[in-house]
Amino acid sequence: MQPTINTVILFTNNMIRLHQFYQQGLELGEATYKKRNHIGYQLENHYFGFDEVSEKIVPTTSITVWFKVLDIYDTFDKLVTMGAREKMKPTKKQWGAVIAAVYDLDGNVLGLEQG
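By convention here, each chain's residues receive numbers from 1 onward along its written sequence. Restriction of local features to residues with pLDDT of at least 70 applies here, the model being predicted, together with a cutoff of 80 or more for giving and counting side-chain atom pairs; totals for whole chains, interfaces and linings are based on all residues. To get the side-chain values, take all heavy atoms of the structure and skip hydrogens and water.

## Points about the confidence of the model for the protein
As a per-residue quantity, pLDDT reports the predictor's confidence and falls between 0 and 100. Looking at the protein, pLDDT values average 93 and 100% of them are 70 or higher. Secondary structure elements follow DSSP: runs of H or I no shorter than four residues count as helices, runs of E no shorter than two count as strands, and numbering proceeds from the N terminus. Here strand β2 (residues 33-35) stands out as the element of the protein with the lowest mean pLDDT, 93, in contrast to helix α2 (residues 72-81), whose mean of 98 is the highest.

If you want it as structure tokens, here you go:
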């Protein structure tokens, strides 16, 4: 059996702020799971969540969490308006995909693909 990605968790010092950024920016709807230090979403075959931790978080630019979105231009603009820093504007690649990327409010890389 091939390994598959099951879960992605972002660790943060401000779970509510980061969660709301993703929830509103990607229109995730209501979280499927909430507790004091965790909020998460079941997204088809993957789980995406946020854990609040007290230790200092160092954001990573070596890993990008990619989301397919219906309107990449609208989503990209919305995320930037909400405080994300631009990494790559929506760009059509030679293989036909349109992709973009921003740094989220904690500095993690959030990738977008037109779906």
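From this point, the discussion proceeds with the structure in view.
## A word on the pairing of strand β7 (residues 98-103)
Here the term buried applies to any residue with accessible area under 20% of the maximum for its type, exposed to any over 50%, and partly exposed to those in between, with areas from a 1.4 Å probe on protein chains only. Counting buried positions along β7 yields six of six residues, so the element is predominantly enclosed. Residues V98, A100 and V102 line one face of β7 and the alternating positions I99, A101 and Y103 line the opposite face, and both faces are buried. Linking strand β6 (residues 85-92) to β7, which pair antiparallel, is a turn of five residues; within it G96 sits at a positive phi near 105°. Strands were regarded as paired on the criterion that DSSP finds at least two bridges between them. Here β7 pairs with strand β8 (residues 109-114) via five bridges, running antiparallel. Bridge pairing in β8 links A100 to L112. The hairpin turn running from β7 into β8, its antiparallel successor, is five residues long, and G107 in that turn takes a positive phi close to 95°.

## Looking at the packing of aromatic side chains
Pairing of aromatic rings covers Phe, Tyr and Trp, the last through its six-membered ring, and needs centres within 6.5 Å; plane angles under 30 degrees mean stacked, over 60 mean edge-to-face, and all others mean tilted. One pass over the full model with this rule turns up six aromatic pairs. Both rings, one in Y22 and one in F48, keep their centres 5.4 Å apart while their planes meet at 55°; by these two values the pair is tilted. Separated by 26 residues along the polypeptide, Y22 in helix α1 (residues 15-25) and F48 in strand β4 (residues 46-52) bring together distant segments of the chain. Assessed through its relative accessible area of 1%, Y22 is described here as buried. Residue F48 is classed as buried on the basis of its relative accessible area, which comes to 3%. Among the aromatic side chains, those forming a connected cluster through ring pairs are F21, Y22, F48, F50 and F67.

## Here we look at the sheet that holds β2
Spatially, four strands are ordered β1-β4-β3-β2 in an open sheet, and the strand pairing comes out mixed. Two strands bound the open sheet, and with one partner strand each, they are β1 (7-12) and β2. Neighbour-to-neighbour, the strand axes of this sheet turn through a mean angle of 10°, independent of strand direction. As paired elements, β2 and strand β3 (residues 38-43) share three bridges and run antiparallel to each other. Bridge pairing in β3 links K34 to I39. In this description, contact between two residues means that some pair of their heavy atoms is separated by no more than 4.5 Å. The convention used is that axes are lines fitted to C-alpha atoms, helices contributing only their stretch in contact, and that angles between N-to-C directions extend from 0 to 180 degrees. Most of the contacts of α1 go to β4, to which it runs at about 150°, and overall it touches β1, β2, β3 and β4.

## A few points about α2
Within α2 the residues assigned to the buried category are I72, T75, F76 and L79. The arc that holds the buried residues of α2, viewed along the axis, is 100°, so those residues lie on one side. Contact partners of the buried residues in α2: α1, β5 (64-69), β6, β7 and β8. One side-chain oxygen at the N-terminal end of α2 lies 3.1 Å from the backbone nitrogen of Y73; it belongs to D71. For this quantity, the arc is that covered by the directions from the helix axis to the C-beta atoms. Two N or O atoms form a polar contact when they lie within 3.5 Å of each other; inside protein one atom must be a possible hydrogen donor and the other a possible acceptor, and for residues adjacent in sequence the pair counts only when both atoms belong to side chains.

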